[in-house]
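Architecture at a glance
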Amino acid sequence: QLQLVESGGGLVQAGGSLRLSCAASERIFNNHAMSWFRQAPGKEREFVAAMSWSNGHTYYADSVKGRFTMSRDTAKNTVFLQMNSLKPEDTAVYYCAADVVAGVLMLRSDGYDYWGQGTQVTVSS
């Protein structure tokens, strides 16, 4: 069964940067998508970014567009989330997800069956 392991979270001041990583335990095939979601205390899990594995196309939530960049290392079955110009409202547990999903389902948490354990990102003001 596919396992995902996130790393790279931490505490950073507003305006700072962090880079999250998500390593998959097995090969990611072209019919998969990988994504990042986040969940702040008392709030629902929300979409952050997604990547179609077949062509590397990326999609971002409006709240992070221009600040966050999702990339990948196909040889290592790993995706990254570079987060710049961080704001206190970016504080959340960030989760990596993967599944055989495409289109609008890539942007929905119920489109994914495989999730990492999450990594905490805290942005201080």
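A brief structural summary.

What counts, and where the lines are drawn
- Residues numbered from 1 in each chain as written.
- Predicted model: local features only at pLDDT ≥ 70, side-chain atom pairs only at ≥ 80, totals over all residues.
- Heavy atoms only, no water.
- Patch = residues over 30% accessible without salt bridge, like charges linked within 9 Å, V, L, I, M, F, W, Y side chains within 5 Å.
- Areas by Shrake-Rupley, 256 points an atom, 1.4 Å probe, with all protein chains shown as cover.
- Salt bridge = Lys/Arg side-chain N within 4 Å of Asp/Glu carboxyl O.
- Helix = DSSP H or I, 4+ residues; strand = E, 2+ residues; numbered from the N terminus.
- Buried < 20%, exposed > 50% of the residue type's maximum accessible area, 1.4 Å probe, protein only.
- Pairing = 2+ DSSP bridges.

Taken together, the side chains of Tyr59, Val104, Leu105 and Leu107 present a nonpolar region at the surface, about 350 Å² in accessible area. With respect to the helices and strands, the residue Val104 is situated in the loop between β9 (92-99) and β10 (114-115).

Take the pairing of strand β5 (residues 46-52) next. Burial of β5 is extensive: 6 of the 7 residues sit out of reach of the surface. As defined by bridge partners, strand β4 (residues 33-39) adjoins β5 across 6 bridges and the pair is classed as antiparallel. Paired with Phe37 across the strands is Phe47, a residue of β5. Counting the residues that bridge the hairpin from β4 to β5 gives 6 residues, and of these Gly42 lies at a positive phi of roughly 80°. In the sheet, β5 pairs with strand β6 (residues 58-60) via 3 bridges, with the strands oriented antiparallel. Following the sheet pairing, Ala50 is matched in β6 by Tyr59. In this structure, the hairpin formed by β5 and β6 is closed by a connection of 5 residues, where Gly56 is found at a positive phi of approximately 75°.

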